[in-house]
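One letter stands for each residue in the lines below.
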Amino acid sequence: MSLLDPFNLRKKARDKSIDLIKTGASKAVGHAKAKANSTPQSMSYSVQSWGIHREAIKSVLEQSAAWDTADAWLKTHRRSLYKYKRLECPAELIKEPDNPHDKNALAVVVDGAKVGYISRDDNLTIAQLLKKHVVESIMVTISGGPYKYVDEDGEVAKVNDDFRLSVNIRYY
């Protein structure tokens, strides 16, 4: 179940539809007041990803159009070129209480693809933040990955570097 769903609506809808209307309405009014009386804050957290997430990450990224044809340009301009374009998009944080490595695990999901996990050091902090505050957005930024550059001999070299991911939570 998504932590972005502050009212826990899906479970309540199955359990008690009448209570949902009352609870959801009163919470919505409280959240609207909190939002109206404050300025948004944001916190950023790094996302842990491993080799098992690499294909999922690549599935949500767009490849640079110049990747296959840029070698001459790279040699002339002596710059580097990443294979995938940097991405900033909405993400979902999913609790995984049955995760064998961490019962408090928070998976980071983009377009249905699990791209990594919130650090074990941060997942309880984030869970509390999401319980106590009105969340405006959860965004993930993905950058890095494979790139090309011109080496000291003037040849184009490829590096299969790791992706870098971070999550930004904007809340009231």
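Summarised in this report is the structure supplied together with it. This is a predicted model, so every value here is computed, not measured.

**Some remarks on the sheet that holds strand 3 (residues 87-90)**
What links the strands of a sheet is backbone hydrogen bonding, and the strands pair in either a parallel or an antiparallel sense. Taking strand neighbours across the sheet as the criterion, the seven strands line up as 3-7-10-1-6-5-4 in an open arrangement whose pairing is antiparallel. Looking at the sheet topology across the chains shown, the edges are occupied by strand 3 and strand 4 (92-96). On average, each strand axis in the sheet is tilted by 35 degrees relative to the strand beside it, whichever way the strands run. Pairing of strand 4 with strand 5 (residues 105-110), which is carried by five bridges, proceeds in the antiparallel orientation. Note that in strand 5 the partner of glutamate 96 across the bridge is alanine 105. On top of the sheet, helix 3 (residues 51-60) reaches strand 3, strand 5, strand 6 (113-118), strand 7 (135-144) and strand 10 (163-171); it is set at about 120 degrees to strand 6, its chief contact.

**Comments concerning the packing of aromatic side chains**
Throughout the structure, instances matching the rule amount to four aromatic pairs. Pairing tyrosine 84 with phenylalanine 163 gives two aromatic rings, centres 5.9 Å apart and planes at 50 degrees, and the pair type is tilted. Of this pair, tyrosine 84 sits in the loop between strand 2 (81-82) and strand 3 while phenylalanine 163 sits in strand 10, placing them 79 residues apart in sequence. One exposure class covers both tyrosine 84 and phenylalanine 163, and it is buried. Following the ring pairs from residue to residue traces out a cluster consisting of Tyr82, Tyr147 and Tyr149. Above the plane of the ring of tryptophan 67 lies lysine 148, whose end atom (NZ or CZ) is 4.6 Å from the centre.

Definitions and limits used
Along each chain, the written sequence defines residue order, and numbers are assigned to residues from 1. It should be noted that, the model being predicted, local features are given only for residues of pLDDT at least 70 and side-chain atom pairs only at 80 or more, the latter also being counted only at that level, while totals for whole chains, interfaces and linings use all residues. Neither water nor hydrogens contribute to the side-chain values; these are computed over all heavy atoms in the structure. At least two bridges found by DSSP between two strands is the condition for calling them paired. Helix and strand labels come from DSSP, where a helix needs a run of H or I of at least four residues and a strand needs a run of E of at least two; each type is numbered from the N terminus. Lines fitted to C-alpha atoms define the axes here, with helix axes fitted over just the stretch in contact, and angles between the N-to-C directions of these axes take values from 0 to 180 degrees. Contacts between residues were defined by any pair of non-hydrogen atoms, one from each residue, lying within 4.5 Å. Any Phe, Tyr or Trp ring, taking Trp's six-membered ring, that has another such ring centre within 6.5 Å forms a pair; planes under 30 degrees apart are called stacked, those over 60 apart edge-to-face, and the others tilted. Exposed residues in this analysis have more than 50% of their type's maximum accessible area, buried residues have under 20%, and partly exposed residues fall in between, with area computed by a 1.4 Å probe over protein chains only. Any Lys NZ or Arg CZ that is within 6 Å of a ring centre and within 35 degrees of that ring's normal is treated as a charge sitting over the ring.

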